[in-house]
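# Fold and geometry: a report
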Amino acid sequence: MSVYSLWDKLKELISRHLNKIGLIIFFSTLALSKVSHSFILFNILFILFFEYICRFFKHGKIRPYSLMILSPVLLIHYSSTADFQIRSLCFIFVVYIFSATYSKVKNIPNMNKPEKHPVLIWMIPFLIFSMFSIWLFYNGVHLSGDEPHYLMVTQSLVEDGDFNLRNNIEEKTYRDFIPVDLSPHMIIKNGKHLSFHMPGLSILLLPFYFLFKLTGSLIPPQLFFRISISFINAFFAFFLFYLLKHFFPGKKVFNLWLLFVILYPTLFHSVHIFPELPAATLLMGSFLYIFSQRNNSLVGGLLFALSIWFHVKYYPPLFIFALFVLGGYLKDKKYRETLKFLIFPIISAILFLIYSKVLYGTFNPMNIFPSENYWTTPLILKLKVFFSYFLDQRDGLFFYSPVLFLAFFSFKKKINRQSILFFIIASYIFFHAVTTVRGAHAPAGRPLIFIIWIIFLFTANYYFNNKNKTLFRFLSGVNFFILFWLISYPLLVYQPVFASTTERSSGLLKLLGSSMSNITSAFPSFLTNPSGLYIPNILWILVLALLIIYFYVYKKKVYNLSEKYKLWFGITAFLGIIFFLSFYPRIDLSRYERISKDGISFLNSSGNFVYEKDNDRFRVRGN
């Protein structure tokens, strides 16, 4: 037998068993790193989970396990066990993202069966949100920001029967659900201490506060109210599902809907006591009841009427929505439907004006809030705030949820009632950016959460109308990668916002980067305090604009590349990402002194101590 035939047989043998070899090498690498048995078990469960979902062994064109032969490089230059764990998890995630992007993966069997059971469509997100509430509670994420202030109004309504918070502040009754002193969010009118928050969310929480009083301390209060808001926000997911069914009839939407539910931003915002998702739920419900086959203008008007009690920043899109509804009814001479739609909004508006006048002495709801002259804000600041909502590495929605970028590329094929959706989202973002307001102590992306369902719809439009799912799979994988680290370190999403810090770097990028690879400098930051030009901001805006123009102007498909070039491009990107996140030294070795003795090796990073090899001891500098 010739050497060439032996070589051919060896190559065939290796090719046939490459996946098994990759797995063996990966777990050998974990063993050599001396990580804990629990971490090895986690990796086993991680691999089994993704194999069950994706069926790489059966359907994968490119399988992740063969790529794991690269894993020994993880052993180079890691500075600690924790550092190795971060690098290895980044490695395995990138391997799976690459494999799923270039393989026709198969979803979990029978995933679309729950579509026929409306109760499950509400129950599934409620269970997901509740479990995440428990996780956050045990990771020290407690009520903060506006949350306890909404609860304080609810407490006053239940226990005192009024909106006057004076006794709640003086007696610190809010300590029933938060163990720290609060700086009150209130104004004083006619001797009354009143919250400057709208009462809609506080009223919505009333039945849950009554239940809290009945149950006593069976459930820790902060966890109880996280689960309570999860109950409410599960209806957001419920209406989102039926909106997807309405806009994409005949399509199996369950898998895509579940993706939107479990990914950032829905998962993180669903467990916080903020008005964005409940108000969005009411608007979504009104949209469905008016424009779908249900065609119930009375119920649609009721849901619309309730939404005006949540915040004045929702008024511009609500006004746009009402104009479209009334314009359509009047155009078709549906005068009866017009009247039915208007009944509850008129009653609600009258009640709100009475509420505002009696308590705050004004018919103008803007006077309830601390006065700000928003119209004198410089234009450059408004533009920075506008772009920060999308791209800022600390607070931008698309930084934490990059798959939503595809919403920009969804307009080649219009969806039903696209005009009303576009005007709703444009009016909200424009007026919100003009105010330059961003609520602090909240998960990133909060300014866009009220209209996130429209962004989901546009993203779904891209998904259903593009046969090539490569980019969607890749960005979805990046979303899961980001979500994994945010769940592991949830405090990463609670950072000082762009208006109150001079620190550009996001916590997530700091975690994934190192002193040798400052990846934070490659991402946008739209801080309002620092002056001067920040180059990544210009580059990202310019590249995104050029991509959008190219997509809509160029007649041929954007991905008009052969499979061979796509694969080589993906391999290059894969190796580059792996290099920076997993193989690149986590520390600048030139700044450290490696010391070895008796089989123990460590890095001396101190600038105050010097190791003397001759005397085999440390000494303090200057001695």
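The notes below deal with the structure included here. Being a predicted model, the structure only gives us computed values, none of them experimental.

## Quick look at the overall build of the chain
The secondary structure content of the chain amounts to 26 helices and six strands. Here the chain holds 623 residues, and the buried ones make up 50% of them. Taking the contacts inside the chain whose residues are at least 6 apart along the sequence as the reference set, 73% of them involve residues at least 24 apart. Accessible surface, the chain: about 30500 Å² in total, of which carbon and sulfur atoms supply 66%.

## Observations concerning the packing of aromatic side chains
This structure, assessed with the given rule, holds 73 aromatic pairs. The interplanar angle of 45° and the centroid separation of 5.7 Å between the aromatic rings of W122 and F235 together place this pair among those described as tilted. Residue W122 is found in helix α7 (residues 118-138), and its partner F235 is found in helix α12 (residues 221-247); the two are separated by 113 residues along the sequence. Relative accessible area serves as the criterion here: at 13%, W122 is assigned to the buried category. With relative accessibility at 35%, the residue F235 sits in the partly exposed group. Measuring from ring centre to ring centre gives 5.2 Å for F409 and F551, while their planes differ by 80°; the resulting arrangement is edge-to-face. Of this pair, F409 sits in the loop between α20 (397-400) and α21 (418-435) while F551 sits in helix α25 (residues 535-553), placing them 142 residues apart in sequence. One exposure class covers both F409 and F551, and it is buried. An aromatic cluster is defined as three or more aromatic residues linked by ring pairs; in this entry it consists of F42, F46, F49, F50, Y65, F93, Y96, F481, F484, W485 and Y489. Cation over ring: R446 sits above F274, and NZ or CZ is 3.9 Å from the ring centre.

## Considering the pattern of salt bridges
Summed over all chains, the structure comprises nine salt bridges. In this structure, R226 and E147 form a salt bridge, with 2.6 Å as the shortest nitrogen-oxygen distance. Of the two residues, R226 is situated in helix α12 and E147 in helix α8 (residues 147-159); the sequence distance between them amounts to 79 residues. A single burial state applies to R226 and to E147, both of which are buried. In this structure, K213 and E159 form a salt bridge, with 3.0 Å as the shortest nitrogen-oxygen distance. Pair noted here: K213 is in helix α11 (residues 206-215) and E159 is in helix α8, with a separation of 54 residues, a long-range link.

## What about the pairing of strand β2 (residues 192-195)?
As judged from the four bridges shared by strand β1 (residues 186-189) and β2, these two strands associate in the antiparallel manner. Across the sheet, residue I188 finds its bridge partner in β2, namely H193. Taken together, β1 and the strand that follows it, β2, pair antiparallel across an intervening segment of two residues, in which N190 is found at a positive phi of about 55°.

## Here's the deal with the packing of helix α2 (residues 18-32) against helix α6 (residues 81-101)
Helices that pack against each other are described as a pair by the angle of their axes relative to one another and the distance between those axes. Across the interface, α2 lies against α6 with an axial gap of 11 Å and an inter-helix angle of 170°. The orientation of α2 relative to α6 falls into the category roughly antiparallel. Across the interface between the two elements, F26, T29 and L30 from α2 touch F84, S88, F91 and I92 from α6. Of the residues belonging to the contact of α2 with α6, the class tally is five nonpolar, two polar and no charged.

## Notes on helix α23 (residues 470-488)
Taking 1.5 Å per residue as the helical rise, α23 with its 19 residues ought to reach 27 Å, and the 27 Å between its terminal C-alpha atoms agrees with that figure. Considered for burial, the residues of α23 that qualify are F472, L475, S476, G477, N479, F481, I482, L483, F484, W485 and L486.

## Let's talk about a nonpolar patch on the surface
Residues L298, L339, I343, I346, I347, I350, L351, I354 and V358 make up a contiguous nonpolar surface patch of about 800 Å² in total accessible area. At eight residues, helix α18 (residues 335-360) tops the list of elements feeding residues into the nonpolar patch.

## Some words on unusual backbone geometry
Peptide bonds are, in most cases, trans, and in most cases residues other than glycine have a negative phi. The linkage connecting Y264 with the following residue, P265, adopts the cis geometry, with an omega of 20°. For P265, the location among the structural elements is in the loop between α13 (254-262) and α14 (266-269). Backbone geometry places K34, a non-glycine residue, at a positive phi of 60°. Positive phi, close to 60°, is recorded for R417, a residue that is not glycine. Mapped onto the fold, R417 is located in the loop between α20 and α21.

## Considering the side chain of H149
Locating H149 in the fold gives a position in helix α8. Among the residues examined, H149 registers a relative accessible area of 5% and is labelled buried. Sequence-distant contacts of H149, that is, excluding residues within four places in its chain, are made with L182, S183, P184, H185 and H197.

How each quantity is defined
- Residues numbered from 1 in each chain as written.
- Predicted model: local features only at pLDDT ≥ 70, side-chain atom pairs only at ≥ 80, totals over all residues.
- Heavy atoms only, no water.
- Helix = DSSP H or I, 4+ residues; strand = E, 2+ residues; numbered from the N terminus.
- Buried < 20%, exposed > 50% of the residue type's maximum accessible area, 1.4 Å probe, protein only.
- Contact = heavy atoms within 4.5 Å.
- Areas by Shrake-Rupley, 256 points an atom, 1.4 Å probe, with all protein chains shown as cover.
- Phe/Tyr/Trp six-rings, centres within 6.5 Å; stacked < 30°, edge-to-face > 60°.
- Lys NZ or Arg CZ within 6 Å of the ring centre and 35° of its normal.
- Salt bridge = Lys/Arg side-chain N within 4 Å of Asp/Glu carboxyl O.
- Pairing = 2+ DSSP bridges.
- Axes fitted to C-alpha atoms, helices over the stretch in contact; angles between N-to-C directions.
- Parallel < 35°, antiparallel > 145°, perpendicular 65-115°, else oblique.
- Nonpolar A, V, L, I, M, F, W, Y, C, P; charged D, E, K, R; others polar.
- Expected span 1.5 Å × (residues − 1).
- Patch = residues over 30% accessible without salt bridge, like charges linked within 9 Å, V, L, I, M, F, W, Y side chains within 5 Å.

By themselves these figures say nothing about function.
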